[in-house]
Amino acid sequence: MTNKITRREWLVGTTAAASGLALSSAASARTLMNAGKPISKDNPIRYTNNENPYGINPKALKVMNEARNKAHLYQFRTRRNLEAIVAKMENVPIECIASGAGSTEFLMATGAICGFNGGNVVAPDPTYGSITRYVERFGGTVTRVPVGEDMAISLDAMRKAVRADTQIVYLCNPNNPIPTIIEKNALTAFCLEMSKKAMVVIDEAYFEYAGDDDYASMVSLAVENPNILVIRTASKIHAFASIRIGFAFGNPDTIKSLRRFSAMTASYPAMMGAIVSYQDKEYQKFVIDKNNESLEILYKMFEDLGRKYIRSNSNFTYFHAGHDAMDVYNKLLESGCQVGRQYKPYTDWVRISTAKPEEMHYLVEVYKREFG
Ligand SMILES: Cc1ncc(COP(=O)(O)O)c(C=O)c1O
């Protein structure tokens, strides 16, 4: 492969996924198409929204397709079935789970309650901006706590930032856009301490990808403590970003309060698909293995180029490009590669979400050509 490769030579896409092919070499990728069309600025490969490039589990899709035929009827029981199945998988009582149309529903509800009450949310910076946005939108205030020099969330700094009017302490674990994790024992102690002062909301959108021994979900802590809430999404490993399913885990009283804000928002096809997708561990393992393969391709590029980067516990990574992130974004887009936008204050760092391994090879070629 030379640096002169053009984007038209890299027609990467859905055929490989459908046939289960794992293309690792640049040469084989050239024969494929992206959604039936050549890769271009207007039809880019997405390395940008932390999505699952393989799409929804085919077994779930089949069930969702069939569910369309009953989508005109109210399906009250399906929501309870889905919640019962996921609660059992998480080993928590059914009263401790709520489902909705994506996790934003729960981030919005908690953020809005805090905002209405004129409360304050303490959140790391940078982090996922949903809850802080709703707190501000509904009249509350946000205290942003810069991540430490190691770019990980600093629990000490978060602790110090909590004030008398703080109603929510938000943690995203693994964090986004910097995919660091918080060590499990330190996090447990922090949650227990902070829950005496405020509601601790832990966003575990990427927890399925976190393979580090130091990582642990806080679901079991949340079900015992009325001031700890865990929020999860089906948008990532389950690829439900548009069809929408999300969950909240907490103490029965907390979940009861949350339920007042969410009523039958998830559609029948989405719930039926989730029932299949959550139980199919094989497909999830496939996605995780592919994600790891893709991350390794990126790490190798960062090593080759001597670039600093964050080893990921997610389906994206963050690296020091040494160029303005928006310049990198625009330059790569010309070759049909859409990477993450800029996140302040790290103006010359770039977030890259994983795509299929063959698509990562294409990104590496383009990146090395433009910035290597
Ligand atoms: C940390 C985090 N939480 C929540 C979401 C949104 O999830 P949903 O699609 O379930 O609303 C995202 C999406 O990127 C995210 O990164």
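Residues numbered from 1 in each chain as written. Predicted model: local features only at pLDDT ≥ 70, side-chain atom pairs only at ≥ 80, totals over all residues. Heavy atoms only, no water.

(A) Quick look at the site of the ligand. What surrounds the ligand is a group of 13 residues, the closest being Ser103, Thr104, Tyr206, Thr233 and Ser235. Within the backbone of Ser103, one N or O atom sits 2.7 Å away from an oxygen atom of the ligand. At 2.8 Å from an oxygen atom of the ligand is found a side-chain nitrogen or oxygen belonging to Asn176. The protein chains hide 92% of the 400 Å² of surface that the ligand would expose on its own. Here the shell around the ligand is composed, by residue class, of four nonpolar, six polar and three charged. (Near = heavy atom within 4 Å. Polar contact = N/O pair within 3.5 Å; in protein donor to acceptor, adjacent residues only side chain to side chain. Areas by Shrake-Rupley, 256 points an atom, 1.4 Å probe, with all protein chains shown as cover. Nonpolar A, V, L, I, M, F, W, Y, C, P; charged D, E, K, R; others polar.)

(B) Main features of the sheet that holds strand β10 (residues 316-320). Ordered in space as β9-β10-β12, the three strands form an open sheet in which the pairing is antiparallel. Pairing within the sheet leaves two strands with one partner each, and these edge strands are β9 (309-310) and β12 (349-353). Pairing between β10 and β12: five bridges, direction antiparallel. For Tyr318, the partnering residue across the bridge sits in β12 and is Arg351. Strand contacts of helix α12 (residues 281-305): β9, β10 and β12, with the helix running at about 5° to β10, the strand carrying the most contacts. (Pairing = 2+ DSSP bridges. Helix = DSSP H or I, 4+ residues; strand = E, 2+ residues; numbered from the N terminus. Contact = heavy atoms within 4.5 Å. Axes fitted to C-alpha atoms, helices over the stretch in contact; angles between N-to-C directions.)

(C) Up close: the pattern of salt bridges. Taken as a whole and judged by the stated rule, the model has 19 salt bridges. Between Arg159 and Glu193 there is a salt bridge, and its shortest N-O distance comes to 2.9 Å. Of this pair, Arg159 sits in helix α7 (residues 155-161) while Glu193 sits in helix α8 (residues 184-194), and the two are 34 residues apart along the sequence. For Arg159, a relative accessible area of 26% corresponds to the partly exposed category. Looking at Glu193, the relative accessible area reads 30%, which means it is partly exposed. As a salt-bridge pair, Asp304 and Lys368 come within 3.0 Å of each other at their nearest N and O atoms. Note that Asp304 is positioned in helix α12 and Lys368 in helix α14 (residues 357-371), a separation of 64 residues in sequence. Assessed through its relative accessible area of 28%, Lys368 is described here as partly exposed. When salt bridges that share partners are traced, they join Arg79, Arg80, Glu83 and Arg259 into one network. (Salt bridge = Lys/Arg side-chain N within 4 Å of Asp/Glu carboxyl O. Buried < 20%, exposed > 50% of the residue type's maximum accessible area, 1.4 Å probe, protein only.)

(D) Quick look at the packing of helix α5 (residues 104-116) against helix α6 (residues 130-137). For the pair α5 and α6, interaxial distance at closest approach is 7 Å and the crossing angle is 35°. As α5 runs across α6, the sense of the crossing is right-handed. Counted together, Thr104, Leu107, Met108, Thr110, Gly111, Ala112, Cys114 and Gly115 of α5 and Ser130, Ile131, Tyr134 and Val135 of α6 form the full contact between these two elements. Partitioned by chemical class, the residues of the contact of α5 with α6 number seven nonpolar, five polar and no charged. (Left-handed = near helix turned anticlockwise from the far one by under 90°.)

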